[in-house]
Amino acid sequence: MTTNTIDINLAETITEAEVARTRLDFAKSAPKVFRAIVGFDAAARAGLDPALVELIQIRASHLNHCAYCLHMHTNDARKAGESEDRLHMVAVWREARHFFTEKEQAALALTEAVTLVADGGVPDEVYAQAAAHFDDEELAHLLALIMTINTWNRVALATGKVAGTDERR
């Protein structure tokens, strides 16, 4: 066997839990940074509809392939009264627009553009649609929320967080 074959076979036998154990605990290793992100997240949410907050976090987590955050935010959305139908439609909201208000659609489009910013920036029409539904303060908070969930997704992915192991409980 070649070294590459051994590495591939070894990687296939490592479980998600084992990966998580081999990665650092971000909150313990950088507590000031962790608290700063928590504070940024809390400030970003201020004044935004809690249901909309969860939809945004769910969509960004889909795009970033962050199972840990997706699990956490779909559970939070359910606790906040979000319907299963809408939760199932977030990933395909463009094909299921009737499940979402125009304001929610504008926020989801902005979430996608900001999350995937390297793919083409934030198109003027996407920004204008969001600006039509949110005043300047709300829009700034919406942008900050999108930035925080993208940060959380990256922390969770980089540190091997495992879906279903939310420490907040």
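Criteria and cut-off values
Residues numbered from 1 in each chain as written. Predicted model: local features only at pLDDT ≥ 70, side-chain atom pairs only at ≥ 80, totals over all residues. Heavy atoms only, no water. Helix = DSSP H or I, 4+ residues; strand = E, 2+ residues; numbered from the N terminus. Expected span 1.5 Å × (residues − 1). Polar contact = N/O pair within 3.5 Å; in protein donor to acceptor, adjacent residues only side chain to side chain. Salt bridge = Lys/Arg side-chain N within 4 Å of Asp/Glu carboxyl O. Buried < 20%, exposed > 50% of the residue type's maximum accessible area, 1.4 Å probe, protein only. Axes fitted to C-alpha atoms, helices over the stretch in contact; angles between N-to-C directions. Left-handed = near helix turned anticlockwise from the far one by under 90°. Contact = heavy atoms within 4.5 Å. Nonpolar A, V, L, I, M, F, W, Y, C, P; charged D, E, K, R; others polar. Phe/Tyr/Trp six-rings, centres within 6.5 Å; stacked < 30°, edge-to-face > 60°.

Novice: If you had to explain unusual backbone geometry to someone new, which residues and values would you point to?
Specialist: Phi at His65 takes a positive value of approximately 60 degrees, unusual for a residue other than glycine. As for its placement among the helices and strands, His65 is situated in the loop between α5 (50-63) and α6 (67-79).

Novice: Now, about helix α10 (residues 136-158): what can you tell me, with residues and values included?
Specialist: Its 23 residues give α10 an end-to-end C-alpha distance of 33 Å, which sits within 8% of 33 Å, the value for a rise of 1.5 Å per residue. The N-cap residue of α10 is Asp135: its side-chain oxygen and the backbone nitrogen of Glu137 are 3.1 Å apart. One or two residues past the end of α10 sits Gly160, with phi positive at roughly 70 degrees.

Novice: Could you give me a rundown of the pattern of salt bridges, with the residues and numbers involved?
Specialist: Per the stated rule, a full pass over the model turns up six salt bridges. Put simply, Arg59 and Glu112 hold a salt bridge, and the shortest N to O gap is 2.8 Å. Separated by 53 residues along the polypeptide, Arg59 in helix α5 and Glu112 in helix α8 (residues 102-115) bring together distant segments of the chain. Residue Arg59 is classed as buried on the basis of its relative accessible area, which comes to 10%. According to the relative accessible area criterion, Glu112 is buried, its value standing at 12%. A salt bridge links Glu112 to Arg94, with the shortest nitrogen-to-oxygen separation between them at 2.7 Å. Taken together, the positions of Glu112 in helix α8 and Arg94 in the loop between α7 (84-89) and α8 put the pair 18 residues apart, joining distant regions of the chain. Residue classification places Arg94 among the partly exposed positions, given a relative accessible area of 40%. Here the residues in one salt-bridge network are Arg59, Arg94 and Glu112, joined through shared partners.

Novice: Let's hear about the packing of α5 against α8: which residues, and what values?
Specialist: Their axes nearest at 9 Å, the elements α5 and α8 cross at an angle of 35 degrees. The element α5 and its partner α8 pack so that their crossing is right-handed. Contacts from Leu52, Leu55, Ile56, Arg59, Ala60 and Leu63 in α5 reach Glu104, Ala107, Leu108, Thr111, Glu112 and Thr115 in α8. A class-by-class count of the residues in the contact of α5 with α8 yields seven nonpolar, two polar and three charged.

Novice: Please provide a residue-by-residue account of the packing of aromatic side chains, values included.
Specialist: Scanning the model with the defined rule gives one aromatic pair in all. Between Phe34 and Trp152, the aromatic rings sit 5.4 Å apart at their centres with planes inclined by 70 degrees, giving edge-to-face as the arrangement. On the criterion of sequence distance, the pair formed by Phe34 in helix α4 (residues 31-45) and Trp152 in helix α10 is long-range, its members being 118 residues apart. Residue classification places Phe34 among the partly exposed residues on the basis of a relative accessible area of 27%. For Trp152, a relative accessible area of 16% puts it in the buried group.

By themselves these figures say nothing about function.
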